[in-house]
Amino acid sequence: MKRWGILTGLLLLLVVLFTGCGASNSAGSSSGKQILRVGMDASYPPFGSQDQDTQDYVGYDVDIIRAIGEEEGFEVQISNRSFDGLIPALQSHDIDVAINDITITDERRQNVDFSKRYYIAGLGAVVKADNDTIHTAKDLEGKTLGVSIGSTGEEAARKIPGANVRVFNAINEAFLEVQNGGVDAVINDIPTNEYYVSHTGGQGVRTAELALTREDLGIAVLKGNTELLDKIDDGLAKLKKNGKFTAIYKKWFGKEPPAELLQDE
């Protein structure tokens, strides 16, 4: 019995070591494909959200990672997590990939590896429609600013002289607060800002005529997981070549992707 226990233990150890590389194995997959466990904060339309009727995940990020999965033979499984919990979830091996309107920064590169960029973004502001005091970046000085926790919007807001920064767990909470007058402006990615304003029918808010930064978005994997990163980059390059990337981009943003984005293969 002791010998059998030792052999069983060795077999279990080998299984753990084998499945620790790349994505999860195909156990539990009805398709027999490798499972790619994807984490995102589903409160960032048009990048990622949940359909109110079906509860299915929808958005640009969702379509991109599922299309990469199809190209590379993965079964994509998405879980909803807080934005600031995505990198810790990668480090604890709870997920294989994080895709969530994540800006590639040197600070984040210390903890994760990024794919080639799949979107070129920038930071802007949402203010109340009757706010006639915020039109430029300088106008944000000394104002109360709403941001989502752990975002580049928070980083940018903290650099604005005299700003009172209020941090929210989800960006939709910050948007509601600017509607209610609790903050003067929300600092967040321009596409999400524009999507929010257009889908609330105005409802007393507008996007300010300013752009604080220009940013590249990437898909994050655990630092050192070059095998999975190569597959993500390979799938992304295939999408850009076969036209699927352009179709997804036009679906969510209503225009052609910039030429420089398509050249990143």
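Look up: the structure comes first, before these words.
Residues numbered from 1 in each chain as written. Predicted model: local features only at pLDDT ≥ 70, side-chain atom pairs only at ≥ 80, totals over all residues. Heavy atoms only, no water.

> Just give me the short version of the sheet that holds strand E1 (residues 34-40), but keep the residues and values in it.
Spatial strand order, E5-E1-E6-E15-E7: five strands in an open sheet with mixed pairing. In this open sheet, the two edge strands, each paired with only one partner strand, are strand E5 (74-80) and strand E7 (112-114). Strands in contact with helix H8 (residues 226-242) are E1, E5, strand E6 (97-98), E7 and strand E15 (220-222); relative to E1, the strand with the most contacts, it is inclined by about 80°. (Pairing = 2+ DSSP bridges. Helix = DSSP H or I, 4+ residues; strand = E, 2+ residues; numbered from the N terminus. Contact = heavy atoms within 4.5 Å. Axes fitted to C-alpha atoms, helices over the stretch in contact; angles between N-to-C directions.)

> Describe in detail the pattern of salt bridges, supporting the description with residues and values.
Scanning all chains against the criterion turns up 15 salt bridges. When the shortest N-O distance is used, the salt bridge between Glu-71 and Lys-244 registers 3.2 Å. Placement of the pair is Glu-71 in helix H2 (residues 60-72) and Lys-244 in helix H9 (residues 244-253), with a sequence separation of 173 residues. Here Glu-71 falls in the partly exposed class, since its relative accessible area comes to 22%. Take Lys-244: its relative accessible area is 39%, and that puts it in the partly exposed class. We note a salt bridge from Asp-234 to Lys-238, for which the minimum N-O separation is 3.1 Å. One end of the pair is Asp-234 and the other is Lys-238, both in helix H8 and four residues apart, which spans about a single turn. A cluster of three or more residues bridged by salt bridges with shared partners is formed by Arg-117, Arg-214, Asp-216 and Glu-260. (Salt bridge = Lys/Arg side-chain N within 4 Å of Asp/Glu carboxyl O. Buried < 20%, exposed > 50% of the residue type's maximum accessible area, 1.4 Å probe, protein only.)

> How would you sum up the sheet that holds strand E10 (residues 144-148)? Please name residues and give values.
Pairing is mixed across the open sheet formed by five strands, whose spatial order is E11-E10-E12-E9-E13. Strands with a single pairing partner mark the edges of an open sheet, and in this sheet they are strand E11 (164-168) and strand E13 (205-207). If you compare each strand with its neighbour and ignore which way they point, the axes differ by 30° on average. Strand direction decides the pairing type here: strand E9 (residues 123-128) and E13, joined by three bridges, are antiparallel. Bridge assignment links Lys-128 to a residue of E13, and that residue is Val-205. Relative to the sheet, helix H6 (residues 171-180) contacts E9, E10, E11, strand E12 (185-189) and E13, its axis offset from that of E12 by approximately 150°. Sheet strands in contact with helix H7 (residues 190-199) are E9, E12 and E13, and its direction is about 120° off that of E12.

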